[in-house]
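Here's the letter readout for the chains.
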Amino acid sequence: MAFFLVVVAVIFGLCMLSAALFRWNEIRYSNKSLPPGTMGWPLFGETTQFLQQGPSFMQNQRARYGNFFKSHILGCPTIVSMDPELNGYILINEAKGLVPGYPQSMLDILGKYNIAAVHGAAHKHMRGALLSLISPTMIRDQILPKIDEFMRSHWSNLENNVIDIQEKTKEMAFLSSLKQIAGIQSSSIAQEIMPEFFKLVLGTISLPINLPNTNYRRSFQARKNIVSILRKLIEDRRTSKKIQQDMLGFMMNEETNRYKLTDDEMIDQIITILYSGYETVSTTSMMAIKYLHDHPKALDELRKEHMAIREKKRPEDPIDYNDYKAMRFTRAVIFETSRLATIVNGVLRKTTQDMELNGYIIPKGWRIYVYAREVNYDSRFYPDAYTFNPWRWLDKSLEYQNSFLIFGGGTRLCPGKELGVAEISTFLHYFVTRYRWEEVGGDKLMKFPRVQAPNGLRIRVSTY
Ligand code: HEM
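All values reported here derive from a predicted model rather than from experimental measurement.

Quick notes on the overall build of the protein
Thought 1: Across its full length, the protein holds 18 helices and ten strands.
Thought 2: Scaling as 2.2 N^0.38, a compact globule of 464 residues should have a C-alpha radius of gyration of about 23 Å, and the protein matches this with 24 Å.
Thought 3: Expressed as a percentage of its 464 residues, the buried residues of the protein come to 53%.
Thought 4: A fraction of 70% describes how many contacts in the protein between residues 6 or more apart in sequence connect residues 24 or more apart.
Thought 5: Surface summary for the protein: the accessible area is close to 21800 Å², and the carbon and sulfur share equals 57%.
Thought 6: One finds the centroid of the 58 positive side-chain charges in the protein at a distance of 3 Å from the centroid of its 47 negative side-chain charges.

A look at the environment of L110
Thought 1: Inspection of the secondary structure puts L110 in helix 5 (residues 104-110).
Thought 2: Under the relative-accessibility criterion, L110 is labelled buried at 3%.
Thought 3: Aside from chain neighbours lying at most four places away, what touches L110 is L200, T204, R223, D268, I271 and Y275.

A closer look at the pattern of salt bridges
Thought 1: As enumerated under the stated definition, the model contains 26 salt bridges in all.
Thought 2: A salt bridge links R237 to D246; the shortest N-O distance between them is 2.8 Å. Summarising the burial analysis for this pair, R237 and D246 share the class buried.
Thought 3: Taking the shortest distance from any N to any O, the salt bridge between E336 and R392 comes out at 3.2 Å. On the criterion of sequence distance, the pair formed by E336 in helix 16 (residues 328-341) and R392 in the loop between helix 17 (373-376) and helix 18 (417-434) is long-range, its members being 56 residues apart. With respect to burial, E336 and R392 carry one shared label: buried.

As for the site of the ligand
Thought 1: In the region of the ligand, 25 residues are neighbours, and Y102, H123, R127, R349 and C414 sit closest.
Thought 2: In the environment of the ligand, an oxygen atom lies 2.7 Å from a nitrogen or oxygen atom belonging to the side chain of H123.
Thought 3: Only helix 6 (120-133), helix 12 (263-276), helix 13 (278-294), strand 5 (346-351) and helix 18 provide two or more residues apiece to the shell around the ligand.
Thought 4: Here the shell around the ligand is built from residues that sort into twelve nonpolar, nine polar and four charged.

Here's the deal with the coordination of the iron atom of the ligand
Thought 1: One donor from the polypeptide reaches the iron atom of the ligand: C414 (SG), at 2.3 Å.
Thought 2: Within the element layout of this structure, C414 appears in the loop between helix 17 and helix 18.

Notes on the packing of helix 12 against helix 13
Thought 1: Here helix 12 crosses helix 13 at 20°, and the two axes come no closer than 4 Å. Of the possible angle classes, the one that applies to helix 12 and helix 13 is roughly parallel. From helix 12, L274, Y275 and S276 reach across to helix 13, where they touch Y278, E279 and T280.
Thought 2: Taken together, the residues that form the contact of helix 12 with helix 13 break down as three nonpolar, two polar and one charged.

What about the pairing of strand 1 (residues 68-73)?
Thought 1: Most of strand 1 sits out of view: six of its six residues are buried.
Thought 2: Side chains of strand 1 alternate between two faces, with F68, K70 and H72 and F69, S71 and I73 buried alike.
Thought 3: Inspection of the sheet shows strand 1 paired to strand 2 (residues 76-81) by six bridges, in the antiparallel sense. Residue pairing in the sheet places F68 in a bridge with S81 of strand 2.
Thought 4: Linking strand 1 to strand 2, which pair antiparallel, is a turn of two residues; within it L74 sits at a positive phi near 50°.

Details of unusual backbone geometry
Thought 1: In this model, F448 is joined to P449 through a cis peptide bond whose omega is 0°.
Thought 2: In this fold, P449 is placed in the loop between strand 9 (435-439) and strand 10 (458-463).
Thought 3: Backbone geometry places K241, a non-glycine residue, at a positive phi of 65°.
Thought 4: Here K241 is to be found in the loop between helix 10 (215-240) and helix 11 (247-252).
Thought 5: What makes K241 exposed here is its relative accessible area of 71%.

Details of the environment of L419
Thought 1: Here L419 is to be found in helix 18.
Thought 2: Accessibility expressed as a relative area gives 9% for L419, which makes it buried.
Thought 3: When the C-alpha positions of L419 and M138 are compared, they lie 9.9 Å apart, and in sequence the two are 281 residues distant.
Thought 4: Ignoring anything within four residues of it in the chain, the contact list for L419 reads I134, I139, I143, I147, Q180 and M247.

Cut-offs and rules
- Residues numbered from 1 in each chain as written.
- Predicted model: local features only at pLDDT ≥ 70, side-chain atom pairs only at ≥ 80, totals over all residues.
- Heavy atoms only, no water.
- Helix = DSSP H or I, 4+ residues; strand = E, 2+ residues; numbered from the N terminus.
- Rg over C-alpha atoms; globule rule 2.2 N^0.38 Å.
- Buried < 20%, exposed > 50% of the residue type's maximum accessible area, 1.4 Å probe, protein only.
- Contact = heavy atoms within 4.5 Å.
- Areas by Shrake-Rupley, 256 points an atom, 1.4 Å probe, with all protein chains shown as cover.
- Lys, Arg positive; Asp, Glu negative; His and termini not counted.
- Charge placed at Lys NZ, Arg CZ, Asp CG, Glu CD.
- Salt bridge = Lys/Arg side-chain N within 4 Å of Asp/Glu carboxyl O.
- Near = heavy atom within 4 Å.
- Polar contact = N/O pair within 3.5 Å; in protein donor to acceptor, adjacent residues only side chain to side chain.
- Nonpolar A, V, L, I, M, F, W, Y, C, P; charged D, E, K, R; others polar.
- Donors = N, O, S within 2.8 Å, 3.2 Å for Na, K, Ca; no water.
- Axes fitted to C-alpha atoms, helices over the stretch in contact; angles between N-to-C directions.
- Parallel < 35°, antiparallel > 145°, perpendicular 65-115°, else oblique.
- Pairing = 2+ DSSP bridges.

Here's what the structure looks like:
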């Protein structure tokens, strides 16, 4: 009996202590100059609710506090913004102190010259260098022929097979970028670098626990291995003195390239290109296959567009820039897929000083989560928002509104937007003109916190 009373007393004591801590945390952040919202537990905040309930946690908070509220998620006091106008303002005002707010652990893996790790003049320099590599002219003359050659071969001889479209699109996104970067040398380094790259990616989305056998520790080792492969590639090219027509070749060409990068900057730029276009391109491609499978009318329309392009060509003719520009419905399918699946939930910023935002004072060091998911499903911008309707994007103006956050916005608008769309369009071109497919069935799809098929997404492919 006495033991029972002690247990009850301890439980009661713990409950009281928890309630007091919870209350204390709310009071600590109850300053009138902060937006409304709840902060949860000291230290842990509302991370568990955020990760477990995901989108519905955000919806509930929005219903209670509006489009601009405070929370404490993923280890940081955070302001969540779902207001399209305000999002636009946040994204163009990096110079006022709203810099990228990605976790330091992630930036450490991606390198100190990684574009998300640099601000001000350094950002301008790295971004300028990147834009010069992937300008429309470069896409037309140098990159698209490489993408075409790669896709044509990667998506061949699949008939009568069951494939995991998630795995295949991941390989596609990585190998296609590697070919653009290292040209004819990509095939000789691909097998060595690909497993290291996959380990690196895993570390950037894992808990930053630097102990043996953790994904985080393995990711650092993978970065070291990737750096040494790339350094050797650069040195070999320097010795051979031959200028290659690929991204690395353009970066190394001191005569024609007005953005001079050191070897370390070039290596981080390559890792940036590989990393930024990896999950975005692969997941959008996988989800496009999923939605097209489920929406035969959209697939018919898409196939018609690609068959019309093919009919004017011999089988060995590549698709060119004019063909790509003519793929209007394909572009619409890609945007609708990104919107409906919300491939990118949002982008993160952090304040470098106390600053006024939407009438509130946001303290220095807080994160701002420009949250795209709710905007993507807002029926004011997208009537019948939960329906897959690529046709809505044929109205081009939709692509230029504040509600369009698929590629971010402002000073950090995705520089790889056209490159990514060109890759996915070329993939769809070869896939839908060659094959039909059906799902094997039973594979689970997760939409939050990342879009993924935890056990793969298997499809049975047959000749079209
Ligand atoms: C469907 C494909 C893609 C999607 C949905 C996408 C999405 C995004 C988004 C939302 C951002 C903004 C991040 C922020 O503001 O913090 C971004 C930035 C970026 N993206 Fe993409 N991206 C795609 C493809 C690519 C590709 C193929 C590349 C390869 C070059 C790329 C390179 C970058 C880089 C370097 C940044 C950072 C820009 C900066 O900080 O100035 N992206 N992307």
